[in-house]
Amino acid sequence: MPTDDASQRLEQVRDEIARAAHIADRKADAVTLIAVSKTHDADAIRPLIAAGQRVFGENRVQEAEVKWPALRAETSGIELHLVGQLQSNKAEEAVALFDAIHSVDRDSLVTALARAMDKQHRRPACFLQVNIGDEPQKGGCLVADLPKLIEQARAADLPVAGLMCVPPLATEPAPYFALLAKMARDHGVPGLSMGMSSDFATAVTIGATHVRIGSALFGARA
Ligand SMILES: *Cc1c(COP(=O)(O)O)cnc(C)c1O
């Protein structure tokens with residue numbers, strides 16, 4: 001992707017975030033744009049870095065380990081977020097590589113992350129993922145199980161930065177975003193990781209602090 005394409009897409013997405021924030025009487029800089037670069041190689045990522053983007057998201061530990069050390073060596077200030085499901089046996093690698101983890105969804109993972117953080121003296125921000133539509137086969141804890149998970153994460157001293165969700169496909173996402181926002185308020189959790197390419201403006205009007213955007217920045221994935 002040529003650099004001017006990348007900066008154009010970035011500007012469009014930022015404009016849309018700013019418009020949505022304005023509608024909701026929020027500041028645009030209260031929203032962190034995570035550019036989800038999964039499946040895209042370093043050559044596709046560099047133009048976005050050149051256009052000023054510093055916060056990126058990946059959904060697989062192994063793929064990120066291949067791509068990001070070199071890119072980080074080229075540019076300072078890169079912040080890397082894990083947005084995909086995490087197996088407990090990859091917790092150490094995840095803690096070493098990522099600045100934030102958006103897929104903390106069960107007690108066994110809380111335990112594995114806490115152990116890895118203690119060992120490495122490094123504490124990436126943690127977002128607790130909620131299976132907001134209670135869909136079978138989807139990542140995230142059940143809505144009813146969230147209070148217990150928050151308690152477990154806090155007891156284990158994880159830095160609980162926010163809640164995260166991916167609403168069910170092909171439905172109106174706003175009610176799900178509103179439910180996640182309510183749960184965050186009820187439990188005193190500050191951040192809300194919600195909104196992807198198709199629905200991030202809606203998410204921002206409902207309070208998203210982190211939007212995770214792939215295809216609107218990089219084009220469709222193969
Ligand atoms: C891939 C992915 C995204 C980005 O999706 P787009 O629709 O391409 O913006 C966001 N969040 C998660 C969890 C993802 O896996």
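Please refer to the structure placed before this passage.
Residues numbered from 1 in each chain as written. Predicted model: local features only at pLDDT ≥ 70, side-chain atom pairs only at ≥ 80, totals over all residues. Heavy atoms only, no water.

Student: I keep staring at the site of the ligand and nothing clicks. Help me out?
Tutor: Around the ligand sit V36, K38, V83, M164, M196, S197, R212, I213, G214, S215 and R221, and that is every residue in its neighbourhood. Between the ligand and R212, the relevant distance is 2.9 Å, taken from a nitrogen atom to a side-chain nitrogen or oxygen of the residue. Isolated, the ligand exposes 390 Å² of accessible area, and the fraction of that covered by the protein chains is 88%. Mapping the ligand onto the cavity grids shows that it belongs to the largest pocket. (Near = heavy atom within 4 Å. Polar contact = N/O pair within 3.5 Å; in protein donor to acceptor, adjacent residues only side chain to side chain. Areas by Shrake-Rupley, 256 points an atom, 1.4 Å probe, with all protein chains shown as cover. 1 Å grid on protein atoms, 1.4 Å probe; cavity = no way out; pocket = protein on both sides within 12 Å on 5 of 7 lines; lining within 4 Å. Sits in = over half its atoms within 2 Å of the grid points.)

Student: Mind showing me how you'd approach the packing of aromatic side chains here?
Tutor: The way to describe two aromatic rings as a pair is by their centre distance and the angle between their planes. Within this structure, the stated rule accounts for one aromatic pair. With centroids separated by 4.9 Å and ring planes inclined at 40 degrees, the aromatic side chains of F56 and W68 adopt a geometry described as tilted. Of this pair, F56 sits in strand β2 (residues 55–58) while W68 sits in helix α3 (residues 61–74); the two residues are twelve residues apart in sequence, bridging distant segments of the chain. Taken as a pair, F56 and W68 share a single burial class, namely buried. (Phe/Tyr/Trp six-rings, centres within 6.5 Å; stacked < 30°, edge-to-face > 60°. Helix = DSSP H or I, 4+ residues; strand = E, 2+ residues; numbered from the N terminus. Buried < 20%, exposed > 50% of the residue type's maximum accessible area, 1.4 Å probe, protein only.)

Student: Looking at this structure, how should I read the environment of V160?
Tutor: Mapping V160 onto the fold places it in strand β7 (residues 160–164). Accessibility expressed as a relative area gives 16% for V160, which makes it buried. Separated by 59 residues in the primary sequence, V160 and I101 place their C-alpha atoms 10.0 Å from one another. Non-local contacts of V160, meaning those with residues more than four positions away in its chain, are made with C126, L128, A153, R154, V189 and P190. (Contact = heavy atoms within 4.5 Å.)

Student: What is the right way to look at the packing of helix α2 (residues 42–50) against α3 in this model?
Tutor: Each pair of packed helices gets described by two things: the angle between the helix axes and the distance between those axes. Orientation of α2 relative to α3, taken along the N-to-C sense of each, is 35 degrees, at an axis distance of 11 Å. For the crossing formed where α2 meets α3, the hand is right-handed. In this structure, α2 contributes A42, I45, R46 and I49 to the contact, and α3 contributes K67, W68, L71 and E74. A per-class count over the contact of α2 with α3 returns five nonpolar, no polar and three charged. (Axes fitted to C-alpha atoms, helices over the stretch in contact; angles between N-to-C directions. Left-handed = near helix turned anticlockwise from the far one by under 90°. Nonpolar A, V, L, I, M, F, W, Y, C, P; charged D, E, K, R; others polar.)

Student: How should the nonpolar core be read in this particular structure?
Tutor: Inside soluble globular proteins, nonpolar side chains tend to come together where they are buried. Grouped together as the largest cluster of nonpolar side chains are 65 residues, with contacts concentrated most on F56 and L113. Sorting elements by how many residues they give to this core places helix α5 (residues 107–120) first, with seven residues. The contacts of F56, once residues within four sequence positions are left out, are I34, A35, S37, I45, L48, I49, W68, I78, E79, L80, H81 and F218. (Core = buried A, V, L, I, M, F, W, Y, C linked by side-chain atoms within 4.5 Å.)

Student: Got a minute to help me understand α5 in this structure?
Tutor: It helps to recall that an α-helix has 3.6 residues per turn; residues three or four apart then point in one direction. The end-to-end C-alpha separation of α5 is 20 Å, in line with the 20 Å expected for 14 residues at 1.5 Å each. Among all positions of α5, only L109, V110, A112, L113, A114, A116 and M117 are buried. Looking at the buried positions of α5, the neighbouring elements they touch are α4 (91–97), β4 (100–104), β5 (125–131) and α6 (146–155). The positive-phi residue at the C-terminal boundary of α5 is H121, with phi of around 50 degrees. (Expected span 1.5 Å × (residues − 1).)

Student: Where do I start with α6 in this structure?
Tutor: Of all the residues in α6, the buried ones are L146, L149, I150 and A153. Considered in projection along α6, the buried side chains sweep an arc of 100 degrees and stay on one side of the axis. What points out from α6, more than 90 degrees from its buried face, is the exposed set K148, E151 and A155. (Arc of directions from axis to C-beta.)

Student: Hey, could you run me through the environment of G77 in this one?
Tutor: By the secondary structure assignment, G77 is in the loop between α3 and β3 (79–82). On the basis of relative accessibility, which here comes to 59%, the residue G77 falls in the exposed class. Separated by 22 residues in sequence, G77 and V55 have C-alpha atoms that sit 8.5 Å apart.

Student: It is not clear to me how the pattern of salt bridges should be interpreted in this structure. Could you clarify?
Tutor: Pairs can form between side chains of opposite charge whenever their charged atoms are close. Applying the stated rule across the entire model yields eleven salt bridges. With a shortest N-O distance of 2.9 Å, E74 and R46 are connected by a salt bridge. With E74 in helix α3 and R46 in helix α2, this pair connects stretches of sequence that are 28 residues apart. The shortest N-O distance in the salt bridge between D118 and R123 comes to 3.3 Å. A residue is classified by how much of its surface remains accessible, and D118, at 47% relative accessible area, is partly exposed. Overall, the relative accessible area of 36% leaves R123 in the partly exposed class. The network of salt bridges with shared partners includes D43, R46 and E74. (Salt bridge = Lys/Arg side-chain N within 4 Å of Asp/Glu carboxyl O.)

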